[in-house]
Amino acid sequence: MGAAFGGGEHGRHLLQAPNAQGATIKHPAVHRRLVVCGTDSPNLLVFEMKSDGSFLEQSVLQNSENRYMQRHGPHGISVQWVAFHPSGLHAYAFTCFWTKGKGEAVTYAIDPESGKLSRKGVPCCTGGHQPCRATFAPGERPSWVAVAHCLDA
C-alpha cells in the first residue's frame, strides 16, 4: 500500500520500497533536483527538491487515459517505472495495466529553463505486460532503451 503524500483529487500515493519507482535527476541546465514518482494511479508526480530537503510539487501529469477502466493500486493501473535519458532532457514513464493489456511508455521533455515536464507524442507499447525496469544503451548519445517486464519474460 502506498504512503499518502499530499492527498487530494490526484491520487497522490507514492509507492513504498522495495517497489519505489521514483527517480531523481539534477537537471544540468536548471540546477534543480527533480524527483519524479510513479504512483498507484495513472498519474506521474513531479517535485522539486529544495535545498532544505523539503519538496515543492511542480505538477501532476496524467500518464495514461486508462483505456481498460482499471481501478488505481495493486493489480490495477499504475505508473511502474520512471527513467531519465542520460542527456537529462527527457523522462520516460512506464504504465502497467497488469494482465489487461501491454504496458505503455510515455515521453516527457524536460524544459531547460523551468525544469517542467511536457508530454511528447503518443504512448508507445512496451511490448509486454507489467513494465518494471528500463535502461538506456551505453554510449555518448544513447538511442535505444531496454524495458524489462514482470510478465512475458
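The rules behind each value
- Residues numbered from 1 in each chain as written.
- Predicted model: local features only at pLDDT ≥ 70, side-chain atom pairs only at ≥ 80, totals over all residues.
- Heavy atoms only, no water.
- Helix = DSSP H or I, 4+ residues; strand = E, 2+ residues; numbered from the N terminus.
- Buried < 20%, exposed > 50% of the residue type's maximum accessible area, 1.4 Å probe, protein only.
- Contact = heavy atoms within 4.5 Å.
- Areas by Shrake-Rupley, 256 points an atom, 1.4 Å probe, with all protein chains shown as cover.
- Pairing = 2+ DSSP bridges.
- Axes fitted to C-alpha atoms, helices over the stretch in contact; angles between N-to-C directions.
- pLDDT = per-residue confidence, 0-100.
- Polar contact = N/O pair within 3.5 Å; in protein donor to acceptor, adjacent residues only side chain to side chain.
- Disulfide = S-S within 2.5 Å.
- Core = buried A, V, L, I, M, F, W, Y, C linked by side-chain atoms within 4.5 Å.

> Looking at this structure, how should I read the overall build of the protein chain?
Scanning the protein chain from N- to C-terminus turns up 0 helices and 12 strands. Counted from the first residue to the last, the protein chain has its helices and strands arranged as β-β-β-β-β-β-β-β-β-β-β-β. Here the protein chain holds 153 residues, and 46% of them are scored as buried. Restricting the contact set of the protein chain to residue pairs at least 6 apart, pairs at least 24 apart contribute 41%. Accessible surface, the protein chain as shown: approximately 8,400 Å² in total, 55% of it carbon and sulfur.

> Explain the sheet that holds strand 8 (residues 90-96) here, please?
Note: strands within a sheet are paired through backbone hydrogen bonds, in either parallel or antiparallel orientation. Ordered by their spatial adjacency, 4 strands build an open sheet running 7-8-9-10, and the pairing between neighbours is antiparallel. Each having just a single partner strand, strand 7 (78-84) and strand 10 (117-125) make up the two edges of the open sheet. Each strand of the sheet is rotated relative to its neighbour by a mean of 25°, with strand direction disregarded. In the sheet, strand 8 pairs with strand 9 (residues 104-110) via 6 bridges, with the strands oriented antiparallel. Residue pairing in the sheet places alanine 93 in a bridge with valine 106 of strand 9.

> Explain the confidence of the model for the protein chain to me, please; I cannot follow it from the model alone.
Detailed reading of predicted coordinates is not advised where the pLDDT is low. When pLDDT is averaged along the protein chain, the result is 74; 73% of the residues meet or exceed 70. Within the protein chain, strand 10 carries the highest mean pLDDT (92), whereas strand 1 (residues 3-4) carries the lowest (31). Counting interchain partners and residues more than four positions distant, the pLDDT-below-50 stretch residues 1-24 has 57 contacts.

> Could you clarify how one ought to interpret the side chain of glutamine 70 in this entry?
Its location among the elements puts glutamine 70 in the loop between strand 6 (55-62) and strand 7. From its side chain, glutamine 70 meets the backbone oxygen of phenylalanine 97 in a polar contact 3.1 Å long. Excluding residues within four positions of it along the chain, glutamine 70 makes contact with His75, Gly76, Ile77, Phe97 and Lys100.

> What is the right way to look at the environment of lysine 100 in this model?
Assignment of secondary structure puts lysine 100 in the loop between strand 8 and strand 9. Classification of lysine 100 by relative accessible area gives exposed; the value is 55%. Lysine 100 sits 30 residues away from glutamine 130 along the chain, and the two C-alpha atoms are 9.8 Å apart. Those residues in contact with lysine 100 that lie beyond four places of it in its chain are Tyr68 and Gln70.

> Mind showing me how you'd approach the state of the cysteines here?
One covalent bond between the sulfur atoms of two cysteine residues makes up a disulfide. Summed over all chains, the structure comprises 0 disulfides. Unpaired in terms of disulfides, cysteine 124 finds its nearest cysteine sulfur in cysteine 125, a separation of 6.8 Å. The thiol of cysteine 132 is not disulfide-bonded; the next cysteine sulfur, from cysteine 150, is found 3.5 Å away. When its relative accessible area of 13% is taken as the criterion, cysteine 132 is described as buried.

> What exactly am I supposed to notice about the nonpolar core here?
Within soluble globular proteins, side chains that are nonpolar generally end up buried alongside one another. Core analysis: the biggest nonpolar cluster contains 13 residues, and Val36, Leu44, Leu61, Ala91, Tyr108 and Leu117 have the highest contact counts within it. Apart from the residues within four sequence positions on either side, leucine 61 is in contact with Pro42, Asn43, Leu44, Val46, Tyr108 and Leu117. Grouped together as the second largest cluster of nonpolar side chains are 7 residues, Trp81, Ala83, Tyr92 and Phe136 included.

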